[in-house]
Amino acid sequence: MAAQSDSGMLLGAIEAGGTKFVLATGTAEGKILTRESIPTTDPASTLAQTRDWFARQSSISALGIASFGPVELDRQSSQWGRITETPKPGWSNCDLTGYFASELGVPIGFDTDVNGAALGEFHLGAGRGTSSMAYITVGTGVGGGMIVDGNLLGGAGHPEMGHFYPRRGANDRDFKGACSFHGDCLEGLASGPAILARWGSTLSDLPEDHEAHEMVAGYLAQACHTMFACCAVERVVLGGGVTQTPGLIERVRRASAKAGANYLPGRDKQEVVAPGLNTDSGISGALLLAAGAHSLPS
């Protein structure tokens, strides 16, 4: 869990996405004071633009980075703070923490983009008041982070919630899936690119009675049910561009309850919700990562 730091201290945050880097300064309580967004191009240009933006701000005491991945989170590893083998061209083995520690000279907090969003929602958004929650983002890809007893879930690596295999519907056998690694995993069936590949349109642009809405909601409901059944989380927060489709979260909520079949213990405490921080889940979580880094022994 990200620790809170000294009141009034200025922190820096990066939400490093495959499409854009969101940059911010703010407080240990997650309040954003300044913000910028730059396109994610090649590593050298993107990191230099990020460094230059922070150089124009007031001096920060620590920096939090919530990054697309996969990434190395083991602080004992020589690869800690790096993006590892990613399908995004040119970004494999990119040393994010090493670069910014050297260029900015401040402590660095580092985690995945979805773990950062989970932190933000747990402490500041839709997860407040719970002891356990999962955050799932559905956009260009599908990913998630989980917090149990106030702590981010990790182990051999970080969770890849978009890459489990949901049960295919009886009327959904022909589409092979859009994931380059697994075909018809959750990401391969319900991400933005999967929807576009299957139906030639974004979900929000398809008519309300189009089969895509119930089908995508059904696959996402399986993910939510899995979180409830396997991990007993109290709340699943659904974020990302696809989930902004009008009516989708309500469809997922209904389908998830149906999948539970009125069986799960604690079901009266379990719910599917939209992010409380809207699109600021990740960058707010990155500020909390910065606060945690500042509080670590030097």
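See the structure shown above.
Note that the structure is predicted; figures quoted are calculated from it, not measured. (Residues numbered from 1 in each chain as written. Predicted model: local features only at pLDDT ≥ 70, side-chain atom pairs only at ≥ 80, totals over all residues. Heavy atoms only, no water.)

Colleague: Go over the sheet that holds strand S5 (residues 108-112), please, and point to the residues and values.
Modeller: The strand order S3-S2-S1-S4-S5 describes an open sheet built from 5 strands, whose pairing is mixed. Looking at strand neighbours, the two that pair on one side only are strand S3 (32-39) and S5, the edges of this open sheet. For this sheet the average axis-to-axis angle between neighbouring strands, irrespective of direction, equals 15 degrees. Sheet analysis places strand S1 (residues 11-16) next to strand S2 (residues 20-26), joined by 6 bridges and oriented antiparallel. Bridge pairing in S2 links Ile-14 to Leu-23. Here helix H1 (residues 43-55) sits on the sheet and contacts S1, S2, S3 and strand S4 (63-67); the angle it forms with S2, its principal contact strand, is near 20 degrees. Helix H8 (residues 281-295) rests against S1, S2, S3, S4 and S5 of the sheet, and its axis sits at about 130 degrees to S1. (Pairing = 2+ DSSP bridges. Helix = DSSP H or I, 4+ residues; strand = E, 2+ residues; numbered from the N terminus. Axes fitted to C-alpha atoms, helices over the stretch in contact; angles between N-to-C directions. Contact = heavy atoms within 4.5 Å.)

Colleague: Mind laying out helix H7 (residues 248-260), listing which residues take part and the relevant values?
Modeller: With 13 residues, H7 should reach 18 Å at 1.5 Å per residue; the first-to-last C-alpha distance of 18 Å fits that figure. Taken residue by residue, H7 has Leu-248, Ile-249, Arg-251, Val-252, Ser-256 and Gly-260 as its buried positions. Down the axis of H7, the sector holding all buried residues measures 165 degrees, keeping them to one side. Opposite its buried face, H7 presents the exposed residues Ala-257 and Lys-258, each directed more than 90 degrees away. Contacts from the buried residues of H7 go to helix H6 (211-231), strand S9 (235-239) and strand S10 (271-273). Just downstream of H7 lies Ala-261, where phi reads positive at about 55 degrees. (Expected span 1.5 Å × (residues − 1). Buried < 20%, exposed > 50% of the residue type's maximum accessible area, 1.4 Å probe, protein only. Arc of directions from axis to C-beta.)

Colleague: Outline the packing of H6 against H7, listing residues and values.
Modeller: Helix packing geometry: the angle between the two helix axes and the distance between the axes. Interaxial distance between H6 and H7 falls to 7 Å at its minimum, and their mutual angle equals 55 degrees. Looking at the two axes, H6 sits oblique to H7. Judged by the twist between their axes, the crossing of H6 over H7 is right-handed. Across the interface between the two elements, His-213, Glu-214, Ala-217, Leu-220, Ala-221, Cys-224, His-225 and Phe-228 from H6 touch Leu-248, Arg-251, Val-252, Arg-254, Ala-255, Ser-256, Ala-259 and Gly-260 from H7. Looking at the contact of H6 with H7, its residues break down into 9 nonpolar, 4 polar and 3 charged. (Parallel < 35°, antiparallel > 145°, perpendicular 65-115°, else oblique. Left-handed = near helix turned anticlockwise from the far one by under 90°. Nonpolar A, V, L, I, M, F, W, Y, C, P; charged D, E, K, R; others polar.)

Colleague: How would you sum up the packing of aromatic side chains? Please name residues and give values.
Modeller: In total, this model carries 5 aromatic pairs according to the counting rule given. Here the aromatic rings of Phe-21 and Trp-91 are separated by 5.8 Å at their centres, their planes lie at 45 degrees, and the arrangement is tilted. Of this pair, Phe-21 sits in strand S2 while Trp-91 sits in the loop between S4 and helix H2 (96-104), and the two are 70 residues apart along the sequence. Accessibility classification places Phe-21 together with Trp-91 in one group, the buried group. Note on Trp-80 and Phe-110: the rings are 6.1 Å apart at their centroids and 80 degrees apart in plane angle, and the pair reads as edge-to-face. Of this pair, Trp-80 sits in the loop between S4 and H2 while Phe-110 sits in strand S5, placing them 30 residues apart in sequence. (Phe/Tyr/Trp six-rings, centres within 6.5 Å; stacked < 30°, edge-to-face > 60°.)

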